[in-house]
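Take a look at the letters that make up each chain.
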Amino acid sequence: MIFYTNRPVPSGAAACARGPFIFIRPKYRGDVGLLEHERVHVKQCYRTLGIHAFLYLLSKRYRLNAEVEAYRAQARYYADDRRPLFARFICDKYGLSVSYAEVLAALRAPA
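Residues numbered from 1 in each chain as written. Predicted model: local features only at pLDDT ≥ 70, side-chain atom pairs only at ≥ 80, totals over all residues. Heavy atoms only, no water.

Caption draft 1: Quick look at the overall build of the chain. Helix and strand counts for the chain stand at 5 helices and 3 strands. In sequence order, the chain lays out its α and β elements as β-β-β-α-α-α-α-α. Its C-alpha atoms give the chain a radius of gyration of 13 Å, within 12% of the compact-globule value 13 Å for 111 residues. The principal-axis extents of the C-alpha atoms in the chain amount to approximately 35 × 35 × 25 Å. The 111 residues of the chain split such that 41% are buried. (Helix = DSSP H or I, 4+ residues; strand = E, 2+ residues; numbered from the N terminus. Rg over C-alpha atoms; globule rule 2.2 N^0.38 Å. Buried < 20%, exposed > 50% of the residue type's maximum accessible area, 1.4 Å probe, protein only.)

In structure tokens, the structure reads:
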């Protein structure tokens, strides 16, 4: 289910997924790439039988892999190459100790 609302989207984020629910700020309603990013997180939740949130919080490696997978999916929906921007987001906003070069390489690697 998709909800266009500012709650419970964290400050500084455009959207978030909570289990099977996707919350997107109303100003991003038409952003298909963002929606697909959050759909990947919903799939990750199902794929891990519901423990995605725990893995995401407890393991920086899992969090990195989850975001790389989601941003790769998102990048396919834009005419320009946003992977450098997404690499910066991952480095700066997810509490990970990874280099920009490492993240950009992961985003550019074949899935």
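That shown, we press on.
Caption draft 2: Quick peek at the sheet that holds strand S3 (residues 21–24). In spatial order, the strands read S1-S3-S2; together these 3 strands make up an open sheet with mixed pairing. Looking at strand neighbours, the two that pair on one side only are strand S1 (2–4) and strand S2 (15–18), the edges of this open sheet. Here the average twist between neighbouring strands, direction ignored, is 20°. Taken together, the 3 bridges between S1 and S3 define a ladder with parallel strand orientation. The residue of S3 that forms the bridge with tyrosine 4 is isoleucine 24. (Pairing = 2+ DSSP bridges. Axes fitted to C-alpha atoms, helices over the stretch in contact; angles between N-to-C directions.)

Caption draft 3: Structural view of helix H4 (residues 83–93). When we look at burial in H4, the residues that qualify are Phe86, Ala87, Ile90 and Cys91. Take H4 and look down its axis: the buried residues cluster within an arc of 140°, on one side only. Along H4, the residues that are exposed and aim more than 90 degrees away from the buried face are Asp92 and Lys93. One or two positions beyond H4, positive phi appears at glycine 95, with a value near 65°. (Arc of directions from axis to C-beta.)

Caption draft 4: Quick peek at the pairing of S3. One ladder, built from 4 bridges, connects S2 with S3; its direction is antiparallel. Residue pairing for S3: alanine 15 is matched across the bridge by isoleucine 24. Once S2 ends, the chain turns through 2 residues before running back antiparallel as S3, passing glycine 19 with a positive phi of about 65°.

Caption draft 5: Spotlight on the nonpolar core. Judged by nonpolar contacts, the single largest core of 25 residues is most densely connected at Leu64, Ile90, Val103 and Leu107. Looking at this core, the elements with two or more residues in it are S3, helix H1 (32–47), helix H3 (60–75), H4 and helix H5 (100–108). Excluding residues within four positions of it along the chain, isoleucine 90 makes contact with Leu64, Glu67, Val68, Tyr71, Leu96, Val103 and Leu107. (Core = buried A, V, L, I, M, F, W, Y, C linked by side-chain atoms within 4.5 Å. Contact = heavy atoms within 4.5 Å.)

Caption draft 6: Spotlight on the packing of aromatic side chains. If you walk through the whole model with that rule in mind, you get 7 aromatic pairs. With centroids separated by 5.4 Å and ring planes inclined at 20°, the aromatic side chains of phenylalanine 3 and phenylalanine 23 adopt a geometry described as stacked. Here the residue phenylalanine 3 occupies a position in strand S1, and phenylalanine 23 occupies one in strand S3, the gap between them amounting to 20 residues. A residue is classified by how much of its surface remains accessible, and phenylalanine 23, at 14% relative accessible area, is buried. Between phenylalanine 86 and phenylalanine 89, the aromatic rings sit 6.2 Å apart at their centres with planes inclined by 40°, giving tilted as the arrangement. Note that phenylalanine 86 and phenylalanine 89 are positioned in helix H4 at a spacing of 3 residues, about one turn of the helix. The exposure class assigned to phenylalanine 86 is buried, which follows from its relative accessible area of 3%. By way of ring pairs, the aromatic residues Tyr71, Tyr78, Phe86, Phe89 and Tyr94 are connected into one cluster. (Phe/Tyr/Trp six-rings, centres within 6.5 Å; stacked < 30°, edge-to-face > 60°.)

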